[in-house]
Structures are given as C-alpha cells and as structure tokens.
Amino acid sequence: MAQTCYRHPDRETAVSCSSCGRPICPDCMTPTPVGMRCPECSRQRTRVTRGVGEASLSSRAPATFILIALNAAAFLAEIASAHGGFEVGGSSAAVNFGLFGPFVAEGEWYRLVTSGFLHAGLIHIAFNMFALYFLGRILEPAIGTPRFLGVYVASLLGGSFGALLLSPNALTVGASGAIFGIFGATFVIARGRGFDALARSVGLILLLNLAFSIGGASHISLGGHLGGLVAGVLCAFAIVAGERGMLGERHFPAEMVAMGAVAAISFFGALAIA
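Draft legend 1. Quick peek at the overall build of the protein chain. The helix and strand tally for the protein chain stands at twelve helices and two strands. Tracing the protein chain from N to C terminus, the helices and strands come up as β-β-α-α-α-α-α-α-α-α-α-α-α-α. For the protein chain, restricting intrachain contacts to residue pairs at least 6 apart in sequence, the fraction spanning at least 24 positions comes to 62%. When the accessible surface of the protein chain is summed, it comes to about 13,300 Å², and 65% of that surface belongs to carbon and sulfur atoms.

Have a look at this one:
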C-alpha cells in the first residue's frame, strides 16, 4: 500500500524525511546536504553521529551506490583485459562491449547498455562517478529509487541513441549520457518543486559541462551527452507533471510508463539508425 504524507493524508508519496522517517510530499520537502527533510526536522540542527553516517547514507540512495559499484567493477574488467596500457583501443572489454554502430546493426544490441558502464580511463570514470555520487544523493531520496532508476536507464539509452545519431562509426564508452540525464532531471525537478537555489547551482554546473562538451576535444561524445540530457529532462517533466496532478490521482504508474516510453524510443531509435 502506498504511503501518504503525514501532513497531507490525501497525497501519496515515495519520499520519507531523512531524519525522522515520516513520509513527506513535495510541498513538505526541504533539501539538505543529507537528503530531504520534513518541515519540523529542517528547523533543527543536524546531529552528527559517528560510525553510522555512511550506512544510513547508502540506505537513502541504494541505487546510486549500486550503480557506482557496477561501473567500478566494469572498469576493473577493462583494466584486466587491456593490452599494452589502458586505453579504449587497448581493452578487449571496450572493443567487445562498447558502442559501435556497425556491430549494433549486426545484432549486438546489448552494446547500447553495456557501453554505459565502461570508461576510457581513470579520469573519465572518476569524474562520472563523482557526479553520480553528488547528484544521486540529492535526486534519489527526493523522487524514490524506482523513479531514479527509470531516469537513469532512460538517460543511458538516450545517450546511446544520441551517440549513434551523431557518431555511428566511433567506438563510444562512458556513463556520461546517464549522468547528463541525471543533471537535467535534477534541474527540472528542483525548479518544479520551487527549490530555486538548488536549481541554479545544478543548472550552472550543467551549462559548464555542456560548454566543455561542445568546445572540448574530439574524443568527447557530444551526441551521447545531448541524448542523455534530453531523455533525463523528458523523464523529469513526467515526474513534475505527476506531482502537479496532471497525470491523474495515481500518477506513479503513469510516470513510470512515460519514462519507459522514453527508454523504448531511445532503444529502438538507436537500433533503427545503427
């Protein structure tokens, strides 16, 4: 049975206060460095407790930490399969599972997914995982794990679609498409809930990354970044529309269907143009 906001019993929610655990709706959420809090707890000072902070952090954003672990495991597999130093061209894992249009066209559709867990080097994965850690701890507790995973998967596939659309014959790896999608979703949802300060901060970082992607080195997949961003923003619009009652009273299934549609369009669109 879905839980309802403790202050607004007529509103269903998947988010709980990170301090007291009471369910809260968007109108009752206050973003803090340690997650969303209810109005009462947000007025209290944060109490620091040694020894349990990290465990409670992972429990509030389980998908974020699982995704980081999967990316790290894939990176270790790349290192193990590298030949003559670690780089994209020297890793058999990247060659066998990275995104490459001609191989996708031959039926290796799994590359649309597996490429999003591979990286071109230590700096590449470090940047992406830091961004995922930072954004995931904000967004996942705010919208709930199922919605967060929906945004991530749709953004990952949107990134693959965009990469194939602009550079079908390039070997592409990286979680950047999914990360840009999470960036875009965080910005849209923060704006939709009236958290303007958070939206401005995330929006500025997003703009800087877009500028770097557009004017950066040739090895950056601009299509992957833009595709992931568009997919994440579309998913966020569905979530905001649901919270505003535009998708009906029981909006969670409609939101998930919308995110599934974004993912499906990205997946089959990528297959069509490969």
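Draft legend 2. The packing of helix α11 (residues 222-243) against helix α12 (residues 251-273), seen in detail. At a minimum axis distance of 9 Å, the contact between α11 and α12 shows a crossing angle of 165°. Relative to α12, the element α11 lies roughly antiparallel. Judged by the twist between their axes, the crossing of α11 over α12 is right-handed. Each of A231, L234, C235, A238, I239, G242 and E243 in α11 lies in contact with α12, whose residues at this interface are H251, E255, A258, M259 and V262. Its residues assigned to classes, the contact of α11 with α12 comprises eight nonpolar, two polar and two charged.

Draft legend 3. Broad picture of the packing of aromatic side chains. Scanning the model with the defined rule gives six aromatic pairs in all. On the basis of an interplanar angle of 70° and a centroid distance of 5.0 Å, the ring pair of F100 and F103 is categorised as edge-to-face. According to the relative accessible area criterion, F103 is partly exposed, its value standing at 29%. Their ring planes at 85° and their centres at 5.1 Å tell us that F267 and F268 sit as a pair that is edge-to-face. The class for F267 is buried, based on a relative accessible area of 17%.

Draft legend 4. Up close: the layout of surface pockets. What the largest pocket holds in volume is close to 780 Å³. Surrounding the largest pocket, 38 residues form its lining, H124, H219, I220, S221 and H225 being those nearest its centre. Taken together, the elements giving at least two residues each to the lining of the largest pocket come down to α7 (122-143), α8 (145-166), α9 (176-192), α10 (196-215) and α11. Tallying contributions element by element places α9 first for the lining of the largest pocket, with six residues. Split into classes, the residues belonging to the lining of the largest pocket amount to 19 nonpolar, 19 polar and no charged.

The rules behind the values
- Residues numbered from 1 in each chain as written.
- Predicted model: local features only at pLDDT ≥ 70, side-chain atom pairs only at ≥ 80, totals over all residues.
- Heavy atoms only, no water.
- Helix = DSSP H or I, 4+ residues; strand = E, 2+ residues; numbered from the N terminus.
- Contact = heavy atoms within 4.5 Å.
- Areas by Shrake-Rupley, 256 points an atom, 1.4 Å probe, with all protein chains shown as cover.
- Axes fitted to C-alpha atoms, helices over the stretch in contact; angles between N-to-C directions.
- Parallel < 35°, antiparallel > 145°, perpendicular 65-115°, else oblique.
- Left-handed = near helix turned anticlockwise from the far one by under 90°.
- Nonpolar A, V, L, I, M, F, W, Y, C, P; charged D, E, K, R; others polar.
- Phe/Tyr/Trp six-rings, centres within 6.5 Å; stacked < 30°, edge-to-face > 60°.
- Buried < 20%, exposed > 50% of the residue type's maximum accessible area, 1.4 Å probe, protein only.
- 1 Å grid on protein atoms, 1.4 Å probe; cavity = no way out; pocket = protein on both sides within 12 Å on 5 of 7 lines; lining within 4 Å.
- Points joined across faces, edges and corners; volume = space filled by probe spheres on them.

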